[in-house]
Amino acid sequence: MGAVGLSVVVPAHEDEHRIGPTLDALRAHLDARFGSGPGDWELVVVDDASTDATASLVEAAAADEPRIRLIRSEHHRGRGAALRAGVLASAGGRVLLADAGLRTPPAELDRLEQALDQGGEPAAAALGRSGNRLVRALGIPGIPGFRSDTCGFALFDGDRARAAFGASVLDGPAIDAEVLRWMRRRGWHVAEVPVRRTARQTTRPRPRPRRTAGDRRRALAELFRLNAGGLAVAAVFLALSAYVFHGLWADLDGRYLKDALQDQNQWEWFVGVATDNITHLRNPLFTTAQGMPDGVNLMANATMLGLTVPLIPVTLLFGETVTFALVLTLGMAASAWTWYWLIRRRFVHGRWAAAAGGALAAFAPPMVSHANGHPNFVVLFMIPLIIDRALQLCEGRNVVRDGVLLGLFATYQIFLGEEPLLIAALGMMVFSLAYLLVDRRRALDAARPLGRGLAVAAAVCLPLLAFPLYWQFFGPQSYHSVLHGDNAGNSPRALVEYAARSLFGDAETAGRLSLNTTEQNAFYGWPLLAFGAAVCVWMWRRTAVRALAITGAVALLLSLGPWVPVPRTDVVLPGPWRLVVKLPLFESVIEGRVAMVCAPVLGVLLALALDRIVRIRARELRTLGLLGVAAALIPVLPLPLAVRERAPVPAFITSGSWKGYVKDGEALVPVPLPDPGQADALHWQVEADFGFRLAGGYFNGPWGPDRIGIYGATPRHLSNLLRDVRYGAQPPEITPQWREQARQDLEFWKAGAVVLPSQDRDAELRDMLSELLGRQPEKVQDVWVWRVGPGQP
């Protein structure tokens, strides 16, 4: 508590025409409200180098009333500097800010005091709702959801006001946004209170439009200065993302991500089909462009409609590959920035410590691995926003608003990636249970508002998602689960080894321990895991650290799968994933991906450690700590993704010659048919602007009477035969039965033409197909073509 009950701080500059009535009104109200004793109140006026009689009038008032103090500045520095000087000179247990024109009546102080006294936690400030349109127009609010971004009439806890204004650096009008942001990042409660404005305002003796325009320009410059650090962090993230993908950007038309397998072809096709459906006013959740005649349930595939649809103008102007590269590059940088935002908002105050944590969360080895062709596991910028809103619900301040926002955020994330949301929800559930274990009282206090907020979120989500989810799970070409094989869990060694695209990585070792390069879902390396463990021991007293440690450990254990082989032995142990493997939705999850939860966990631990290390006074200990951070991070620094030359699209496609062979409603049958192992034909279709349909394909669809999910179309005899011969099998003896089966398969696909491009073993394929179809093909530009549509012999 300060030496006086209330300090009133009034900044003034060239205010001789109104400062006298303001001081009289404030003095009368303060005497009536708080008393006339020397310790009841004080009034601090800061004159910002006025050239008129402002200072003289205040001095005259101070001579009559010793509780009025004048602070003079020799140089005009701005409202922010005046407020800072006044607040730091104040001695009140509470500090009220008012303007020299007293546009808000002093009687409104009662409302601010009531707001400041409410709630069990100490409040930082109560703001009169006055608003700064410039600040709001720039989208840089002090408090999310607040209409007021200025402290024109505001009541603060005295000690917190002096701490906040003491930490400020801006001298102009944007100091309000700076102070409110500083308080928000410390989790201090700030209330907004509607207040009356006086109908009568003293007018200036002359208009000064130049000063107003100058103030606006200065506010604009200061707001950019206030956000310069955040913009610098964003620039670093963008540069790092561009570095990862620079091989692709170097030649978008001619290069292909080497380790993407067929995923780049598939995702560019998703971009193209979304554009084609929307621009032709077709159902965006379904297509028959591939997988003829059954088609593809696009909602049941990772089409990321939340981005592919808004980016349709980009796709139309620049093409699908540009959209693919943009989504990966900007999405990875945006994800790093929102993780940085969350870490700085919730865990640390240091900007660059939070930036390091955000970078690790978004550019950790499993994230870089998925960047080869899984945008849905790279573009995760909504996940930190969802986590923050859930934490906001736990505070219980505005359950309805926060629940609505959580519902909208979750709905949008559904259209970006359902599996990442499911894995994130699993991680949040583990964190909640861990928090219940380490701090039962606070966890139980948060449970009620969180539960109510989740109910509100569900009420928002369900109407918006009812039809898309119905289509996904019950619509055409829906399926019930996806088969991933028995080795989808992480090997224990994968947790401590390095990924192929990490600085210390070995592609051969990583390849033996993973499904493929895109699915290197752990590979954090033993130094980083050891560093994380050391941070947990060092900061074990912090409740959040204990909960994070439990969350990370559980995620790593779950990622080992239902059965865990002990390295270098024949022993296989049951894993904890067995508890959830049969649950709906989880049965389709690649369990190794659960280890990705550890990326943000380690990011937060890194930020906490760096924030503490840089504040260690002993230089030797600080250096030792930074060396430990470097030793943990350097081995897993990302390398640029490898690229290769892209297979050229046949001139038969690019020239439009296909139009003479495939009629509307018919399918083109490439040899071999596109599938998860070879899907270049999807790129043909993209280059042909979806002018023809494809038999076969690479997508998730149903197989068999149980509608089990598989990758690609249901195989048929002819598609299997073409695939086997292409990859080394000897052609069988062509019998009437084989010819009849080929006829039935082509009829099933509604084929118009079979197309054989130049490739390995194309001579064997051409001879076999000629026997099967009973005629020789035509050579059209760079492909062999058999007409097989209706009416052909």
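Residues numbered from 1 in each chain as written. Predicted model: local features only at pLDDT ≥ 70, side-chain atom pairs only at ≥ 80, totals over all residues. Heavy atoms only, no water.

### Let's talk about the sheet that holds strand β18 (residues 751-757)
Thought 1: Spatially, the five strands line up as an open sheet ordered β15-β14-β18-β20-β19, and their pairing is mixed. Strands with a single pairing partner mark the edges of an open sheet, and in this sheet they are β15 (693-694) and β19 (778-780).
Thought 2: As paired strands, strand β14 (residues 667-670) and β18 are joined by four bridges and run parallel to one another. Bridge pairing in β18 places Pro670 opposite Val755. (Pairing = 2+ DSSP bridges. Helix = DSSP H or I, 4+ residues; strand = E, 2+ residues; numbered from the N terminus.)

### Here's the deal with helix α28 (residues 736-748)
Thought 1: Relative to the 18 Å expected for 13 residues at 1.5 Å per residue, α28 spans 18 Å between its end C-alpha atoms, a close match to the ideal helical length.
Thought 2: Buried within α28 we find Gln741, Ala742, Asp745 and Leu746. Considered in projection along α28, the buried side chains sweep an arc of 130 degrees and stay on one side of the axis. Seen from the open side of α28, the exposed residues pointing more than 90 degrees away from its buried face are Pro736, Gln737 and Glu747.
Thought 3: Where α28 is buried, its residues touch β14, α27 (717-726), β18 and α29 (762-773).
Thought 4: Just beyond α28, the residue with positive phi is Lys750, at close to 55 degrees. (Expected span 1.5 Å × (residues − 1). Buried < 20%, exposed > 50% of the residue type's maximum accessible area, 1.4 Å probe, protein only. Arc of directions from axis to C-beta. Contact = heavy atoms within 4.5 Å.)

### What to know about the pattern of salt bridges
Thought 1: In the structure shown here, the tally under the stated rule is 35 salt bridges.
Thought 2: Here Asp388 makes a salt bridge to Arg346, at a shortest N to O gap of 2.9 Å. Of the two residues, Asp388 is situated in helix α16 (residues 382-395) and Arg346 in helix α13 (residues 320-346); the sequence distance between them amounts to 42 residues.
Thought 3: For the salt bridge of Arg493 with Glu497, the shortest nitrogen-to-oxygen distance reads 3.0 Å.
Thought 4: A relative accessible area of 30% means that Arg493 is categorised as partly exposed.
Thought 5: For Glu497, a relative accessible area of 22% puts it in the partly exposed group.
Thought 6: Three or more residues are tied together by salt bridges with common partners; here these are Arg27, Asp31, Asp64, Glu65 and Arg67. (Salt bridge = Lys/Arg side-chain N within 4 Å of Asp/Glu carboxyl O.)

### Focus: the environment of Arg389
Thought 1: In this fold, Arg389 is placed in helix α16.
Thought 2: Arg389 sits in the buried class, given a relative accessible area of 10%.
Thought 3: Sequence-distant contacts of Arg389, that is, excluding residues within four places in its chain, are made with Arg401, Asp402, Leu405, Leu406 and Phe409.

### Re the nonpolar core
It is characteristic of soluble globular proteins that their nonpolar side chains tend to be buried jointly.
Thought 1: Among the nonpolar cores identified, the biggest contains 143 residues, and Trp269, Phe652, Ile653, Leu668 and Phe692 are the most heavily contacted of them.
Thought 2: Every residue in contact with Leu668, bar those within four places of it in the chain, is listed here: Phe652, Ile653, Trp658, Val662, Trp684, Phe692, Arg693, Leu694, Ala695, Ala753 and Val755.
Thought 3: Counting residues in hydrophobic clusters, the runner-up holds 28 residues, among them Leu23, Leu26, Leu112 and Phe153. (Core = buried A, V, L, I, M, F, W, Y, C linked by side-chain atoms within 4.5 Å.)

### Observations concerning a nonpolar patch on the surface
Thought 1: Side chains of Val400, Val404, Leu408 and Leu464 sit close together on the surface and give an oily, nonpolar patch of about 310 Å² of accessible area.
Thought 2: Sorting elements by how many residues they give to the nonpolar patch places helix α17 (residues 399-414) first, with three residues.
Thought 3: The residue Leu464 is located in helix α19 (residues 440-474) in this model. (Patch = residues over 30% accessible without salt bridge, like charges linked within 9 Å, V, L, I, M, F, W, Y side chains within 5 Å. Areas by Shrake-Rupley, 256 points an atom, 1.4 Å probe, with all protein chains shown as cover.)

### With respect to the environment of Ile634
Thought 1: Position of Ile634 relative to the elements: it lies in the loop between α24 (619-633) and β13 (643-645).
Thought 2: Each C-alpha atom, one on Ile634 and one on Leu503, is 7.2 Å from the other, the two residues being 131 residues apart in sequence.

### Side note on the packing of α16 against α17
Thought 1: At a minimum axis distance of 9 Å, the contact between α16 and α17 shows a crossing angle of 160 degrees. Regarding the angle of α16 to α17, the classification is roughly antiparallel. As for the relative orientation of α16 and α17, their crossing is left-handed in sense. Counted together, Met382, Ile383, Leu385, Ile386, Arg389, Gln392 and Leu393 of α16 and Val399, Arg401, Asp402, Gly403, Leu405, Leu406, Phe409, Ala410, Tyr412 and Gln413 of α17 form the full contact between these two elements.
Thought 2: Across the contact of α16 with α17, the residue classes break down as eleven nonpolar, three polar and three charged. (Axes fitted to C-alpha atoms, helices over the stretch in contact; angles between N-to-C directions. Parallel < 35°, antiparallel > 145°, perpendicular 65-115°, else oblique. Left-handed = near helix turned anticlockwise from the far one by under 90°. Nonpolar A, V, L, I, M, F, W, Y, C, P; charged D, E, K, R; others polar.)

### Re the environment of Glu14
Thought 1: Note that Glu14 resides in the loop between β1 (4-12) and α1 (19-34).
Thought 2: Overall, Glu14 belongs to the buried group, its relative accessible area being 13%.
Thought 3: Between the C-alpha atom of Glu14 and that of Asp47, which follows or precedes it by 33 residues, the distance is 8.5 Å.
Thought 4: Only 2.8 Å separates the side chain of Glu14 from the side chain of Thr51, close enough to count as a polar contact. (Polar contact = N/O pair within 3.5 Å; in protein donor to acceptor, adjacent residues only side chain to side chain.)

### Some details on the side chain of His13
Thought 1: With respect to the helices and strands, the residue His13 is situated in the loop between β1 and α1.
Thought 2: Here the side chain of His13 touches Asp48 through a polar contact of 2.7 Å, landing on its backbone oxygen.

### Overview of unusual backbone geometry
Thought 1: Residue Met292 is joined to Pro293 through a cis peptide bond whose omega torsion reads 0 degrees.
Thought 2: Following the sequence through the fold, Pro293 ends up in the loop between β9 (286-287) and β10 (296-297).
Thought 3: Across the junction of Val671 and Pro672, the peptide omega takes the value -5 degrees, indicating a cis bond.
Thought 4: Turning to its location among the elements, Pro672 is positioned in the loop between β14 and α26 (680-687).
Thought 5: Unlike most non-glycine residues, Leu281 shows phi in positive territory, near 55 degrees.
Thought 6: Of note, Leu281 is situated in the loop between α10 (263-279) and β9.
Thought 7: Take Leu281: its relative accessible area is 80%, and that puts it in the exposed class.
Thought 8: Even without being a glycine, Leu585 presents a positive backbone phi close to 75 degrees.

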